[in-house]
Amino acid sequence: MTPLQFVDKWRPVTLTERAAAQSHFNDLCHLFDHPTPLDDDPVGDHFTFEKGVKKSGGGDGFADVWKRDYFAWEYKKRRRNLDEALGQLARYALALESPPLHVVCDTDRFRIVTAYTNSVPRSYDLSLEDILDPKKRGWLEAAFYSPKSLKPGASRSDLTRQAADKFSTLAERLQKKGYPSEDVAHFVNRLVFLFFAEDVRLLPEGYFRRVIAEISTRPKDAKSVLTGLFAALLKGSRFGLDVLPWVNGGLFDERESLDLDEHEIGLLKAAGSQNWGHIDPSIFGTVFERFLDPDKRAQIGAHYTDASTIIRLISPVVMAPLNLEWSKARNDIETLVSKARIKGAKAKEWRLAEERRSVFLERLRTLSILDPACGSGNFLYLALQSVKNLEHAANQECESFGLPPRLPVVGPEILRGLEINPLAAELARTTIWIGDIQWAIQNGIYSRPEPILRRLDAIECRDALLNSDGSEASWPAAEFIVGNPPFLGDKRMLASLGEPYTSALRAAYASQLPGRSDLVCYWFAKAKKQIVLGAAQRVGLVATNSIRQDSNRHVLKDISRTLRIFEVWDNEAWAVDGAAVRVSLVCFDGRDGDVSVRLNGEVVTVIHPDLTASTGENGLDLSSVNRLDENAAIAYQGVKRVGKFELRGDLAREMVQAPGNPNGLKNSEVLRPWISGFDVVRRPQDMWIVDFGWNKSEAEAEMFEAPFEYLKKYVKPERVGKREKAANERWWIYYWPRPEMRKKLKSVKRYLASPSVSKHRVFRFFDTNVLPDGANIVIAREDDFTFGVLQSKYHIGWSERLGSTLEDRPAYRPSTSFETFPFPDGLTLDIAPASLALDSRAARVSSAAAILDNLRETWLNPPDLVRTVAEIVPHYPDRKVPIDAQAADVLAKRTLTNLYNRPPAWLERAHADLDCAVAGAYGWEEDISVDDALAELLALNRRRSLNNLHQTIELPLAANTTSTVD
């Protein structure tokens, strides 16, 4: 069929909707050379007329035509309101598997509306005569073949960011005028809602934009005009020539408008140039955060995270049990309806089925969801949307069974929120209001209630952890708790929250948490307490990956003792203040409910406090390991500086060669080569450091003139007068000089170092005259046997399970990774190296380790590319430098990171030989898997710890590093 034939055929037709619809659609299929529904899909699985289960009470399905993943299509009589048909399709979109296109037609007119997630809807309208226009005919053809070609380019996220940008500028100007932040937030939220209300037709068409145009001609009257408008919306009354709706909800209260100047009114006019009906509430508040009080930002944790990530918490915590309840209710209703159909229209089973539905819907209406750090409302908004979607789907299924339609009853009343920042709390309320109205409109069931907004007093603006008197704050009872508590490490709490608040917080929670816990742990402890008290049933919270570190893991151990961690995503990307971090999503409950335990989407038997899992009855819980006496006082974190103590090698050598000091000593007494984590896995940086040890007085230090003046210039300004006065008064000494490590290193000629955080776990030997930085973990052993065991895949597997991650890189900790690791029986670290050398097992490991070490070092510094240069201080290690510029270019790429990124065959063989030797030293089969080896090591740790009765790990590190190397 040609376009002209189609138009000529249907131009004179005046048949009713039912008589014409299928014939008309089949002709469209012929026009576009597309199979008809009957030809393409005889069983009606993916392309069919009358999509939907026939209602037992009579009537058609949910759509006249449906093609999965393409469109839902509804026919109407000629000259009828097509918007009503669109509303019907919107109402049944969930039942129709959410098609991307909604198409309505009366044989003379066509309207195609896009319904892509996170895209601004777009409407394509054409008439019967437009079929002759190739461009417009192409719109219809795309519905059959390529619906994505009709997808709008602009996303809701883009629109929302543009909208927020305009209002952020306005808010910043008002704050600079001296208005309190709370007043600015309240005023701006009113304006945002008015733009939205106008574009979803809650206000007379173009009304608010006319008001803005009017005040733009007389800015001095702006305050009085807007104040009058707000007053009219508070109660619902006439303002000017129009009758305005009753909005209320607390948004339009007695507070007056703020003054606006000509420029600020211009910003409002610019904001009115876009459609606010489609802004995305899930990100509007968070992109507004740029004008939140910077002093409170650390406490609110407001930042943007995509909805799909948030749903990973809401789905298992809130929706999984509700979906299970609906499944049971649905089966009951279906059984009753089946009996009722047999008995007839007056059967009591119809009433019982309706009662069963009512019980479930009432259950949804009265449940409660708490976000105890709600920020700008993302979690609450998405939780509400999810519950409303379930209610809507349940009503549709019941309607298909033959029960009468029911309007939705679930609303914002099910939400509870705590937020310390008044601006964020305002944004949370607006987010929820807008989202609730949008949901109803998008699903074709908005009834424009009076008042339009329901009060959200349950979004409380207060501290979630402390009362004003310093006592522990209470949380409202709520069946489900979800949220994103603020990310603030233990060591940053004093600086960000202040000493009085931090001390009060630690005192109030002393019985629940050790004093050195990250801030997020307090939310976990509070949520656990709510379940124990019976005030909550399920919890899902976000935490940085530090929650699984030994310094924070105590809160997860406490949860695991009495509750159940039932779902975890342990290494998810997240954004904090524009920076990417890795987080863990942790869900726990009171061990009740029929749910699977899952780690990263995979079913497991149990999830341990370190957020690892076991799949068998005798699961491997490495979070229960103990420190071993024989491993004590061997592993240390390197010195921690605050200030620029390090200096280039050439400058250090100049100082070494300077004339003697007033004390008669050379500067070499206080200048040493220095390594950071980069020096371990990359090329040597040739850096030195000024080292006054840990007990030199200022009078003694200033005798070394050049080094002292260097620190006076670069370090003293950073240290003097800073918060931790006791440490910073001795500004010429490192923040943590590590005297215990230095004393231990005097007993060896070389030590092992490995970066505390690194992509690849590698150990290397360094001369004891080289001072290790705090980004390194130092093992005070010089023997090849220790190196071989630590570099084996068994120790690396152990350390990765017991460590943590920074971003996506494993962290190594002295307390957990090393001090818990059991060396082979008879070869423990409390035995002198000379004695170990006599054991054939140790000799085999030492030989394989020495080969690996030599191969790596030779690859890093090939004899034909480097020359050895004696260091200026005789007992300091020699340097290896490139023989020329060309050699330097080659050597620049020779790093351990690059070597392990793409390991050559010789490296893999050397490691395999070492692993076999280490397995043999333990008495294992040489091809033992890492998982089986970890089980053996766990048993060995437990046996040893019973012997030495050492305490279970609960202590934080003396100093945590956040350095990352690759």
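Relevant structure appears above.
Residues numbered from 1 in each chain as written. Predicted model: local features only at pLDDT ≥ 70, side-chain atom pairs only at ≥ 80, totals over all residues. Heavy atoms only, no water.

## Quick word on the pattern of salt bridges
Per the stated rule, a full pass over the model turns up 59 salt bridges. Between Arg255 and Asp253 there is a salt bridge, and its shortest N-O distance comes to 3.1 Å. Exposure remark for Arg255: the relative accessible area of 37% places this residue in the partly exposed category. Between Arg943 and Asp825 there is a salt bridge; the shortest N-O distance is 3.5 Å. With a gap of 118 residues between them, Arg943 in helix α36 (residues 930-948) and Asp825 in the loop between α30 (814-818) and α31 (833-836) connect regions that are remote in the sequence. Residue classification places Arg943 among the partly exposed positions, given a relative accessible area of 43%. You can call Asp825 partly exposed: its relative accessible area is 43%. Within this structure, Arg173, Lys177, Asp261 and Glu264 form a network of salt bridges that share partners. (Salt bridge = Lys/Arg side-chain N within 4 Å of Asp/Glu carboxyl O. Buried < 20%, exposed > 50% of the residue type's maximum accessible area, 1.4 Å probe, protein only. Helix = DSSP H or I, 4+ residues; strand = E, 2+ residues; numbered from the N terminus.)

## A word on the sheet that holds strand β2 (residues 63-67)
With mixed pairing, the 6 strands of this open sheet are ordered in space as β1-β2-β3-β4-β5-β6. Strand pairing shows two members of the sheet lacking a second neighbour, β1 (47-51) and β6 (123-127), which therefore form its edges. Averaged over all neighbouring strand pairs, the angle between strand axes comes to 15°, with direction disregarded. Relative to β2, β1 runs antiparallel, the two sharing 4 bridges. Following the sheet pairing, Phe47 is matched in β2 by Lys67. The sheet contacts of helix α4 (residues 82-91) involve β2, β3 (71-75), β4 (101-105) and β5 (109-114), and relative to β4 the element is tilted by about 145°. (Pairing = 2+ DSSP bridges. Axes fitted to C-alpha atoms, helices over the stretch in contact; angles between N-to-C directions. Contact = heavy atoms within 4.5 Å.)

## Here we look at the pairing of strand β24 (residues 750-755)
Burial runs high along β24: 5 of the 6 residues are buried. Bridge analysis of β24 against strand β25 (residues 764-767) gives 4 bridges, and the strand direction is antiparallel. Across the sheet, residue Arg750 finds its bridge partner in β25, namely Asp767. In the sheet, β24 pairs with strand β27 (residues 776-779) via 4 bridges, with the strands oriented antiparallel. Each residue of the ladder has a partner; that of Leu752, found in β27, is Ile779.

## With respect to the packing of helix α6 (residues 156-176) against helix α10 (residues 262-271)
Describing two packed helices takes the angle between their axes plus the distance from one axis to the other. Where α6 contacts α10, the axes come no closer than 9 Å and their chain directions differ by 165°. On the basis of the axis angle, α6 is roughly antiparallel to α10. Crossing of α6 against α10: the hand is left-handed. Residues Lys166, Phe167, Thr169, Leu170, Arg173 and Leu174 of α6 lie in contact with α10, whose contacting residues are His263, Glu264, Leu267, Leu268, Ala270 and Ala271. Considering only residue class, the contact of α6 with α10 consists of 7 nonpolar, 2 polar and 3 charged. (Parallel < 35°, antiparallel > 145°, perpendicular 65-115°, else oblique. Left-handed = near helix turned anticlockwise from the far one by under 90°. Nonpolar A, V, L, I, M, F, W, Y, C, P; charged D, E, K, R; others polar.)

## Examining the sheet that holds strand β26 (residues 771-772)
Read from one edge to the other, the open sheet built from 4 strands follows the order β21-β23-β22-β26, with strand pairing classed as mixed. What marks the edges here is a single partner per strand, and that holds for β21 (646-648) and β26. As defined by bridge partners, β21 adjoins strand β23 (residues 687-690) across 3 bridges and the pair is classed as antiparallel. Each residue of the ladder has a partner; that of Glu646, found in β23, is Ile689. Lying on the sheet, helix α21 (residues 649-656) is in contact with β21, β22 (671-675) and β23; it crosses β21 at an angle near 95°. Helix-sheet contacts for helix α24 (residues 705-714) involve β21, β22 and β23, and the interaxial angle to β23 is about 90°.

## Quick look at unusual backbone geometry
Cis peptide bonds are those with omega within 30 degrees of zero, and the linkage from Glu450 to Pro451 qualifies with -5°. Positive phi outside glycine occurs at Asp69, with the angle close to 65°. Locating Asp69 in the fold gives a position in the loop between β2 and β3. Taking the relative accessible area as the measure of exposure, Asp69 reaches 55% and is therefore exposed. Positive phi, normally seen in glycine, also occurs at Asn600, with a value near 55°.

## Digging into the environment of Tyr70
By the secondary structure assignment, Tyr70 is in the loop between β2 and β3. Through-space distance from the C-alpha of Tyr70 to that of Glu646 is 64 Å; in sequence the pair is 576 residues apart. Discounting chain neighbours no more than four positions away, the residues touching Tyr70 are Pro100, Leu101, Ala143, Phe144, Tyr145, Ser146 and Pro147.

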